[in-house]
Amino acid sequence: MSFFPDVPTIKYEGPSSRNPLAFRHYNADEIIEGKPMRDHFRFAVAYWHTMRGQGADPFGPGCAVRPWEDGTDSVDMAIKRVRVMFEFLEKLGVGFYCFHDRDVAPEGANLRQTNAILDQVVKVLKEEQQRTGIKLLWGTANLFSNPRYVHGAATSCNADVFAYAAAQVKKCLEVTKELGGENYVFWGGREGYTTLLNTDMKRELDHLAKFFHMAVDYKKKIGFTGQFLIEPKPKEPTTHQYDFDAAACLNFLRQYGLTDHFKLNLETNHATLAGHTMMHDMIVASSAGMLGSVDANRGDLLLGWDTDQFPTDLYLTTSIMMVILDQGGLAPGGLNFDAKVRRESFEPVDLFHAHIGGMDAFARGLKVAAKIRADGVLKDFVKQRYASWDSGIGAEIEQGKVGFAELETYMLNKGNPDKNVSGRQEMLENILNGYIELA
Ligand code: XUL
Ligand code: CO
């Protein structure tokens, strides 16, 4: 039985194809920089958006048409949904998926029952993984939807809630290990505050760090070898989230002695909500050796919230792929489409159009980035721009051979610095446009 009877397996048909249910650029086996496209991306589908998203917004309920849903949140329905998800992944030709514990299985009356229900569904997930060869990129615990987390989870003012969250993450780590998950994500959905009038920030941050140290200890204890990832986001649902952006996360990890155990999972719409470009946050993380994985999506310039749209902008995908290629790849991380179809796109086939578009946009971004790297135009320009540091006084500064006194003597003798040269931003933008036109 098929849940998407009208959708064939999506194939690569090349740029001239007019078939909307085909890839025009994503060709999984095509070799770029010595590696098949599929391994550059390690694309994943997000269980929460693709299987659980109904298109609800603050002004109306969901209106997605999902013929396989029976209107219940039963265990049977959860198990059926696993089959739907894997048919979707197979037809799309994506090798990974990601989930929150609560996306895949409903809660029971208490923690014990909830864990037992999760085990039932995990059995089916494992079966489907074995049948298809599709893998779990990362698991995560939903520590934000249930009202118990109203004041946060690891940063809650209520110690019992911290304990519940710890138990939930413990179970989710076990399940992620059981499913061979290659990473485990911590997104602090309610780890922040809405008013400082009721908040002891120092105490909350200390608790958050304790929570992460406990997770590291438990990871070691059970021999889970996946990469731990923190996903920054500045706000929404809280007014200010502690994991604000890449720089704030890095500072937090350093302050609490956690840098050896975590990397970052960066999401485009989170970077832009923080007032950065995605490339900015990618470079902050990557240059610290801390870029672990990417949640691929985009925001909307006209809307000030996390719209989680599918990425279609070639400038965006090119910039992301430039950083990924420069750091030699993302594995064991990948590119997870943390993206949802618009409320107006309510038919099942729209889920395919959305992912096909995102994968094609990344394929083009990869080709453009690889070509720019092969030609070396940008790298050469940047190298030349910093040439004054390669010899003479620049090299002496970098090597720590001089201090203020020597620099004063140097400049008193020289009189004035060498002339500055143009940054050539417009020329570089034209060059980039040239590559994008060719892709
Ligand atoms: C929310 C978000 C989450 C995380 C996982 O904005 O991005 O879905 O990716 O909890
Ligand atoms: Co995300």
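Residue indices follow the written sequence of each chain, beginning from 1 at its first position. The naming scheme follows written order: chains are lettered A onward, ligands numbered 1 onward. In view of the model being predicted, local features appear only for residues whose pLDDT reaches at least 70, and side-chain atom pairs are presented and counted only at 80 or more, with totals across whole chains, interfaces and linings using the full set of residues. The basis for the side-chain values is all heavy atoms of the structure; hydrogens and waters are excluded.

Novice: For the coordination of the cobalt ion (ligand 2), give the residues involved together with the corresponding values.
Specialist: Surrounding the cobalt ion (ligand 2) are the protein donor atoms E231 (OE), E267 (OE), D295 (OD) and D338 (OD), which sit 1.9 to 2.1 Å from the metal. In this structure, the cobalt ion (ligand 2) is coordinated by six donor atoms arranged in octahedral fashion, with angles at the metal of 81 to 172°. A donor here means an N, O or S atom no more than 2.8 Å from the metal, or no more than 3.2 Å when the metal is Na, K or Ca. Since water is not included, a site may seem to lack partners. Under the classification used here, a metal with four donors is tetrahedral if each angle lies between 85 and 135 degrees, square planar if opposite donors are over 155 degrees apart and the others between 65 and 115, a six-donor metal meeting that same test is octahedral, and anything else is irregular.

Novice: So what's going on with the pairing of strand 7 (residues 135–140)? Residues and values would help.
Specialist: A large share of strand 7 lies buried, amounting to five of its six residues. The pairing criterion is simple: DSSP has to find at least two bridges between the two strands. The helix and strand labels rest on DSSP assignments: H or I over at least four residues marks a helix, E over at least two residues marks a strand, and numbering proceeds from the N terminus. Looking at chain direction, strand 6 (residues 96–100) and strand 7 are connected through five bridges and run parallel. Bridge pairing in strand 7 places Y97 opposite L136. Bridge count for strand 7 against strand 8 (residues 183–187) is two bridges, and the pairing is parallel. By the bridge assignment, G139 is partnered in strand 8 with Y184. Handedness is read with the strands pointing away from the viewer; a crossover is right-handed when the path from the first strand over the helix to the second is clockwise. Crossover strand 7 to strand 8 through helix 6 (residues 159–178) is right-handed. Burial status follows relative accessibility: with a 1.4 Å probe on protein chains alone, a residue under 20% of its type maximum counts as buried, one over 50% as exposed, and anything between as partly exposed.

Novice: Just give me the short version of the packing of helix 11 (residues 314–326) against helix 12 (residues 348–375), but keep the residues and values in it.
Specialist: Two packed helices can be described by the angle between their axes and the distance between those axes. Interaxial angle, 0 to 180 degrees, is taken between N-to-C directions of lines fitted to C-alpha atoms, where a helix line uses only the stretch in contact. One way to put it is that helix 11 packs onto helix 12 with a least axis distance of 7 Å and a crossing angle of 55°. Taken together, the axis directions place helix 11 and helix 12 in an arrangement best described as oblique. Taken as a pair, helix 11 and helix 12 cross one another with a handedness that is right-handed. Side by side, helix 11 and helix 12 meet where L314, T317, T318, I320, M321, M322, L325 and D326 of the first sit next to A361, F362, R364, G365, L366, V368, A369, A370, I372 and R373 of the second. Each residue receives one of three labels: charged for Asp, Glu, Lys and Arg, nonpolar for Ala, Val, Leu, Ile, Met, Phe, Trp, Tyr, Cys and Pro, and polar for the others, Gly being one of them. Here the residues of the contact of helix 11 with helix 12 sort into 12 nonpolar, three polar and three charged. The labels follow the angle: roughly parallel below 35 degrees, roughly antiparallel above 145, roughly perpendicular from 65 to 115, and oblique for the rest. The crossing is said to be left-handed when, going from far helix to near helix, the turn is anticlockwise and less than a right angle, and right-handed when the turn is clockwise. Whether two residues are in contact is decided by their heavy atoms, any of which lying within 4.5 Å being enough.

Novice: Now, about the sheet that holds strand 14 (residues 335–337): what can you tell me, with residues and values included?
Specialist: Overall, parallel pairing links the eight strands, which are arranged 5-6-7-8-10-12-13-14 in a closed barrel. When strand polarity is set aside, the average angle formed by the axes of neighbouring strands in this sheet is 30°. Pairing analysis gives three bridges linking strand 5 (residues 43–46) to strand 6, with the strands arranged parallel. Bridge assignment links V45 to a residue of strand 6, and that residue is Y97. Running over the sheet, helix 8 (residues 246–255) touches strand 10 (227–231) and strand 12 (262–267) and is turned about 165° from strand 12.

Novice: Tell me what's going on with the side chain of D350, and back it up with residues and numbers.
Specialist: Among the structural elements, D350 can be located in helix 12. There is no salt bridge for the buried D350, and the closest opposite charge comes from R66, which lies 6.4 Å off by N-O distance. Those residues in contact with D350 that sit more than four places away from it in its chain are V341 and S345. Within this scheme the basic residues Lys and Arg register as positive and the acidic residues Asp and Glu register as negative, but His and the chain ends are omitted. Each reported salt bridge corresponds to a side-chain nitrogen of Lys or Arg within 4 Å of a carboxyl oxygen of Asp or Glu.

Novice: A description of the site of ligand 1 should follow, citing residues and the corresponding values.
Specialist: Throughout this document, a residue counts as near a molecule or strand when at least one of its heavy atoms sits within 4 Å of that molecule or strand. Around ligand 1, the neighbouring residues are W48, H100, W138, W187, E231, K233, E267, H270, D295, D306 and D338. Each polar contact in these results corresponds to two N or O atoms within 3.5 Å; when the atoms are within protein, one needs to be able to donate a hydrogen and the other to accept it, and residues that are neighboring in sequence are counted only if both atoms are side-chain atoms. Contact between ligand 1 and E267: an oxygen atom at 2.8 Å from a side-chain N or O atom of the residue. Relative to its unbound accessible area of 290 Å², ligand 1 is 93% covered by the protein chains. Taken together, the residues of the shell around ligand 1 sort by class into three nonpolar, two polar and six charged. Each accessible area is a Shrake-Rupley result for a 1.4 Å probe, and residues are judged covered by the shown protein chains and nothing else.

Novice: Please set out unusual backbone geometry residue by residue, giving values where relevant.
Specialist: A cis geometry characterises the amide bond from E236 onward to P237, with omega recorded as 15°. Turning to its location among the elements, P237 is positioned in the loop between strand 10 and strand 11 (240–241). Of note, the bond from A331 into P332 is cis; its omega dihedral lies within 30 degrees of zero at 5°. Structurally, P332 is set in the loop between helix 11 and strand 14. Non-glycine residue E236 carries a positive phi angle of around 70°. Structurally, E236 is set in the loop between strand 10 and strand 11. What makes E236 partly exposed here is its relative accessible area of 29%.

Novice: An account of the side chain of T318 is requested, with residue identities and associated values reported.
Specialist: Assignment of secondary structure puts T318 in helix 11. Residue class for T318 comes out buried when judged on its relative accessible area of 2%. When residues no more than four places from it in sequence are discounted, the contact partners of T318 are G365, V368, A369, L432 and I436.

Novice: Give me the lowdown on the packing of aromatic side chains, citing residues and values where you can.
Specialist: In this analysis, rings of Phe, Tyr and Trp, with Trp reduced to its six-membered ring, are considered paired at centre separations within 6.5 Å, and the interplanar angle assigns stacked below 30 degrees, edge-to-face beyond 60, and tilted for intermediate values. Within the structure shown, the criterion is met by 29 aromatic pairs. Consider the rings of F23 and Y26, whose centres lie 5.2 Å apart with planes at 80°: the pair is edge-to-face. The exposure class assigned to F23 is buried, which follows from its relative accessible area of 3%. With a centroid separation of 6.5 Å and an interplanar angle of 40°, the aromatic rings of F224 and F228 are classed as tilted. A relative accessible area of 6% means that F224 is categorised as buried. Geometrically, a lysine NZ or arginine CZ counts as sitting over a ring once it is within 6 Å of the ring centre and also within 35 degrees of the ring normal. Here the basic side chain of R148 rests over the ring of Y164, its NZ or CZ set 3.9 Å away from the ring centre. Just above the ring of F228 sits the side chain of K219; from NZ or CZ to the centre is 4.7 Å.

Novice: Go over the nonpolar core with me, naming the residues and quoting the values.
Specialist: In terms of nonpolar packing, the biggest core is built from 114 residues, with L92, Y97, L125 and F186 touching the most fellow members. In terms of residues, this core owes the most to one element, helix 12, which gives 13 residues. Nonpolar core, defined: a set of buried Ala, Val, Leu, Ile, Met, Phe, Trp, Tyr and Cys residues in which side-chain atoms within 4.5 Å join the residues together.

Novice: Run through a nonpolar patch on the surface, naming residues and quoting values.
Specialist: The residues that make up patches have over 30% relative accessible area and no salt bridge, and they are joined within 9 Å when like-charged or within 5 Å when they are Val, Leu, Ile, Met, Phe, Trp or Tyr. The grouping of L301, L302, L303 and W305 at the surface amounts to a nonpolar patch, some 530 Å² of accessible area in total. Considering the arrangement of structural elements, one finds L302 in the loop between strand 13 (291–296) and helix 11.

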